[in-house]
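# A structural walkthrough
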Amino acid sequence: MSHSDRLLDNGIRVAAPNEADKQDWRAVQVALVRYIRARGARTDVAEDIAQETIARLIVVHRDKRIASVFALGFRIADNLLVDHYRADSRLADEPEVDVVSEAPSLDRALDSQRAVEVFQRCLNRMPRLRREVLIRRRLQQESCRVIGEELSISTKAVEKHITRGLIDLRRAMERAGIDPAVWNA
Amino acid sequence: MRSDKAEIESQAATWAELMNRPLQDARAAAEFDRWISADPRHVESYAEMAALWQSDGLDAALRLSAANGPRARNDNDQQGYRWTPGNSGAPHRAVAARTLPRSQRAAILASSILLLLLTIPVVQGILAPEQSYTAARGANRMIVLADGSKLNLSGGSRLSVRMTPWSRDVRMEEGEAYFDVAHERFRSFSVDVGNASIAVLGTAFDVDMMAEGTREVRVYRGLVKVEAGGTGWRLPAGSGLSVSKDGVQRLNNVLGARPAWIDGWFDAQDTTLARLVDRINRTSDRPVVLADPALGALRITGRFRMNETRELLETLAAVHDLRWEEESTHYVLSR
């Protein structure tokens, strides 16, 4: 890896494979563990997946410049986490060690019937325009620019509605006690 | 200034949508990495928002919303602000619902209402920075916060409160306090006790900061979430949690409408003498000192009146075969 490669990568100091800059990858790894835990994985699972993710990131990094190490890392971690749960669900249910925290995993919580009801109630209470923006963006995959044009508002305003809508949904979840990550050790 | 949490959530939500697009431009990508690296809370908030945005649950809810159309308004729900479009006459509603002027009107109406809702609290937030409260040793203190929440501070307690339009954050430094929290739909209420944090909705609970980092939370009304060491627990009324260096333990003996200490009592149930003494010293005019620290391990059961230190020592001495003496600055308890 040449010197110019380092400069190309905005923001992130990158390491050549042979003289791996441990400090940087460690920081990425710490962030990955946090991320995976916040997505509801147990600490030991999170550490395994972070480790595996880092290994794959380093391989990718050898061949090409990564625009966002974290974005790619999170995406790899997501996939590994799904794989993990898939493999895990084939096994018989292990008895929970921690009796006091009896919570479902993040995604199971977010996909439960109750969550759908909470989201629905929250959506119903939203300003109609915000709900419309969320439906078009998330469900119909329309771009913010197109949505803005169709609803006669600026692209910025569309993005604001999405941000605000997500916060509303998150608060609704919190109020309903459907709290992710925190509830699984 | 906006509260940190609200600011982070807002940024996280923006990133969650942005980074889930198939393509990102290089500048945004670099900016994202900088943002993630800047603060460990960023990655957590981002993970939550991304999970929410990607969830099948949201997908299903949006599908139902879209299928029911704009008329899907759950009028049974009484809580919260509700934007009511000016179309009570039903006939034209279905036709007019998706036309632009109405959407625009919706946007203008909605934003002006939001603005109204937010402007006043924002100003208050700026004018009301962190406020500290202390209860001197020897006396309890009652505080009523601007939102109507009532805090009962045991003698020798110290805490600070920061109220923003988005959050009510208490940082407890020392002692014990009973919180009777005013329910607010849009404002969270949390208590940070160093090694654990407690998030609540309208509810009443007691927090005791004990020696060696032990923290006890008891819930008298509503539901409380305690987070410690990356794990969370939900505590309904009548239960509690003890977090110490030895681990976490559920407390199931939370009885009554509020903690006994507020009424000047202490219910010891197989409690150590050290703990009882610690408690006495919060309200006693003169502290009680154990002649031998080992005495602190003695187990006590009984209901004690806290504002009569001598009477209490007399009772203790009689029941547990101890002796006590009054010195000029303190009481000494010995075997």
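Keep in mind it's a predicted model, so treat the numbers as computed, not measured.

### Some remarks on the pairing of strand β9 (residues 204-209) of chain B
All names here are of chain B. Most of β9 is tucked away, with six of its six residues classed as buried. Side chains Ala204, Asp206 and Asp208 project from β9 onto one buried face, and the interleaved Phe205, Val207 and Met209 project onto a second face that is buried too. In terms of strand pairing, β9 meets strand β10 (residues 215-221) through six bridges, oriented antiparallel. Considered in β10, the bridge of Val207 is made with Val217. From the end of β9 to the start of β10, which pair antiparallel, there are five residues, and Glu212 there has a positive phi angle of about 55°.

### Focus on the sheet that holds strand β7 (residues 188-192) of chain B
All names here are of chain B. Strand order in the open sheet formed by seven strands is β1-β4-β5-β7-β8-β11-β12, and the pairing between neighbours is mixed. What marks the edges here is a single partner per strand, and that holds for β1 (131-134) and β12 (231-236). Sheet twist, expressed as the average angle between the axes of neighbouring strands with direction ignored, equals 20°. Bridge analysis of strand β8 (residues 197-200) against strand β11 (residues 223-228) gives four bridges, and the strand direction is antiparallel. Each residue of the ladder has a partner; that of Ile198, found in β11, is Val226.

### What to know about the packing of aromatic side chains
This model, assessed by the stated rule, comprises 12 aromatic pairs over all chains. Relative to Phe189(B), the ring of Phe179(B) has its centre 6.2 Å away and its plane inclined at 70°; by these criteria the two rings are edge-to-face. With Phe179(B) in strand β6 (residues 176-180) and Phe189(B) in strand β7, this pair connects stretches of sequence that are 10 residues apart. Residue class for Phe189(B) comes out buried when judged on its relative accessible area of 1%. One aromatic cluster in this structure is built from Tyr35(A), Phe70(A), Phe74(A), Trp15(B), Phe32(B), Trp35(B) and Tyr46(B).

### Re the pattern of salt bridges
For the coordinates displayed, the defined rule picks out 37 salt bridges over all chains. The shortest N-O distance in the salt bridge between Lys5(B) and Glu174(A) comes to 3.9 Å. Of this pair, Lys5(B) sits in helix α1 (residues 4-19) while Glu174(A) is found in helix α9 (residues 155-176), placing the two residues in two different chains. Of the residues examined, Lys5(B) reaches a relative accessible area of 39% and is grouped as partly exposed. Judged by relative accessible area, which is 15%, Glu174(A) ranks as buried. Of the charged contacts, one joins Arg158(B) and Glu174(B) as a salt bridge, the two residues approaching to 3.5 Å between their closest N and O atoms. Of this pair, Arg158(B) sits in strand β4 (residues 158-163) while Glu174(B) sits in strand β5 (residues 167-174), placing them 16 residues apart in sequence. For Arg158(B), a relative accessible area of 38% gives the class partly exposed. Connected via shared salt-bridge partners are Glu176(B), Asp208(B), Glu216(B), Arg218(B), Arg275(B), Asp278(B), Arg279(B) and Arg282(B).

### Some words on the nonpolar core
The biggest cluster of nonpolar side chains holds 68 residues, and the ones touching the most others in it are Ile36(A), Phe74(A), Phe119(A), Leu169(A), Phe32(B), Ile36(B) and Tyr46(B). In terms of nonpolar packing, the next biggest core, distinct from the first, is built from 32 residues, Ala135(B), Ile143(B), Phe179(B) and Val226(B) among them.

### Describing the packing of α9(A) against α1(B)
Running from N to C, α9(A) and α1(B) point in directions that differ by 120°, and their axes come no closer than 8 Å. Once α9(A) is placed against α1(B), the crossing between them reads as right-handed. Of the residues in α1(B), those touching α9(A) at Ile162(A), Thr163(A), Leu166(A), Ile167(A), Arg170(A), Arg171(A) and Glu174(A) are Lys5(B), Ala6(B), Glu9(B), Ser10(B), Ala13(B), Thr14(B) and Glu17(B). Here the contact of α9(A) with α1(B) is composed, by residue class, of five nonpolar, three polar and six charged.

Conventions and cut-offs
Residues numbered from 1 in each chain as written. Chains lettered and ligands numbered in written order. Predicted model: local features only at pLDDT ≥ 70, side-chain atom pairs only at ≥ 80, totals over all residues. Heavy atoms only, no water. Buried < 20%, exposed > 50% of the residue type's maximum accessible area, 1.4 Å probe, protein only. Helix = DSSP H or I, 4+ residues; strand = E, 2+ residues; numbered from the N terminus. Pairing = 2+ DSSP bridges. Axes fitted to C-alpha atoms, helices over the stretch in contact; angles between N-to-C directions. Phe/Tyr/Trp six-rings, centres within 6.5 Å; stacked < 30°, edge-to-face > 60°. Salt bridge = Lys/Arg side-chain N within 4 Å of Asp/Glu carboxyl O. Core = buried A, V, L, I, M, F, W, Y, C linked by side-chain atoms within 4.5 Å. Left-handed = near helix turned anticlockwise from the far one by under 90°. Contact = heavy atoms within 4.5 Å. Nonpolar A, V, L, I, M, F, W, Y, C, P; charged D, E, K, R; others polar.

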